[in-house]
Amino acid sequence: MLEAVLVDDESKALESLSWELSNLSDEVKVIASFTDAYKALDYLEKNTPDCLFLDIEMPSMDGFQFIKSLRNKNFPVVITTAYNQYALKALKNEAIDYLLKPIDSDDLNDTIIKVKKYNSKNYTADRLERILINFNSKSIKKKITINTDGKLLFLESEEILYVESDGNYSTLFLEDGQKILLTKKLKEVNQILPQESFFRIHNSFVVNLGKIKEFLKTDGYVILSTNHKIPVSRQKKSDFLDLL
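Along each chain, residues carry numbers from 1 onward, in the same order as the chain's sequence is written. Thresholds applied to this predicted model are a pLDDT of at least 70 for local features of residues and 80 or more for the giving and counting of side-chain atom pairs; totals over whole chains, interfaces and linings are not thresholded and use all residues. Water and hydrogen atoms play no part in the side-chain values, which are based on all heavy atoms of the structure.

Q: I would appreciate a short explanation of the sheet that holds strand 10 (residues 179–182) in the present structure.
A: Working definition: the strands of a sheet are paired by backbone hydrogen bonds and lie parallel or antiparallel to each other. Here, any two strands with at least 2 DSSP bridges between them count as paired. Helix and strand labels come from DSSP, where a helix needs a run of H or I of at least four residues and a strand needs a run of E of at least two; each type is numbered from the N terminus. Spatially, the five strands line up as an open sheet ordered 10-9-8-12-11, and their pairing is antiparallel. Taken across any chain shown, the strands that pair with only one partner, and hence form the sheet edges, are strand 10 and strand 11 (198–202). Going from strand to strand, the sheet's axes swing by 20° on average, the running direction of each strand aside. Looking at chain direction, strand 8 (residues 160–166) and strand 12 (residues 205–208) are connected through three bridges and run antiparallel. Paired with Tyr-162 across the strands is Val-207, a residue of strand 12. Helix axes are fitted to C-alpha atoms over the stretch in contact, other axes to C-alpha atoms as well, and angles between N-to-C directions run from 0 to 180 degrees.

Q: Please clarify how the sheet that holds strand 15 (residues 229–231) should be interpreted in this entry.
A: The strand order across the open sheet formed by three strands is 13-14-15, and the pairing between neighbours is antiparallel. Edge strands, defined here as strands with exactly one partner in the open sheet, are strand 13 (212–216) and strand 15. Adjacent strand axes in the sheet meet at a mean angle of 25° when their direction is disregarded. Pairing analysis gives three bridges linking strand 14 (residues 221–224) to strand 15, with the strands arranged antiparallel. When the bridges of strand 15 are listed, Ile-223 appears paired with Lys-229.

Q: How should I be thinking about helix 2 (residues 37–46) in this particular structure?
A: Given 3.6 residues per helical turn, the α-helix brings residues three or four places apart onto the same face. Throughout this description, buried means an accessible area under 20% of the type-specific maximum (1.4 Å probe, protein chains only), exposed means over 50%, and partly exposed covers the range between. What helix 2 keeps buried is the set Ala-37, Ala-40, Leu-41 and Leu-44. Seen along its axis, helix 2 keeps its buried residues to an arc of 100°; they face one direction. Exposed residues lying more than 90 degrees from the buried face of helix 2 are Lys-39 and Lys-46. Packing partners of the buried residues in helix 2 comprise strand 1 (2–7), strand 2 (28–34), strand 3 (51–55) and helix 3 (63–69). The N-cap residue of helix 2 is Asp-36: its side-chain oxygen and the backbone nitrogen of Tyr-38 are 2.8 Å apart. What the arc describes is the spread of directions from the helix axis to the C-beta atoms. The contact definition used throughout considers only heavy atoms, calling two residues in contact when any of these lie within 4.5 Å. Any pair of N or O atoms that falls within 3.5 Å is considered a polar contact. Within protein, one atom must be able to donate a hydrogen and the other to accept it, and sequence-neighbouring residues count only if both atoms are side-chain atoms.

Written out as structure tokens, the structure reads:
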């Protein structure tokens, strides 16, 4: 469900947009609407919607001043206006889109699609960030049994940096620089590793969460304690979401 907040000094405009959104899709829900910009700012300090629809022409505070006053900016903003000249300025002020009044249902539908795409990309980054924060508050130590070359290796979780896939083979990269070749696919290796400590961030990589020192959300990489740079695949979004 896409939760939206509406801000417009005209109550009729709010009612019209709310009606359009509710009739557009069952997946869109208006959770709050405001004619008072200051009350809207107070609400948004404590609540994070999936999208904000913001009018430009408001008497007490225009839309651009409103955006600058936002402390919480963890959601996309859609500008609504009756004046086309605001379009470029709206985009420069980090609005994801703008809608001309009276709002056309097809334009609104296109905007909702943009919002969903924006949120899906950032949701992955935010979720992985929370996973890393939660992980770092715990202490996890487990022996891992690896069967290779006719012998069993017993490794501590912290010895393993990451695992890389190579078709039907996988390579364990250890913190001391050793590499262990396994005749197993990455999927099989991932099942051996403790799920609390390891996470498959890419089709070709499983990383030790405890070895991650940086998460570059914009670039889509994690940096390990050894400065290894491992990509985070957008295609693995479902894996991220299923982790918690």
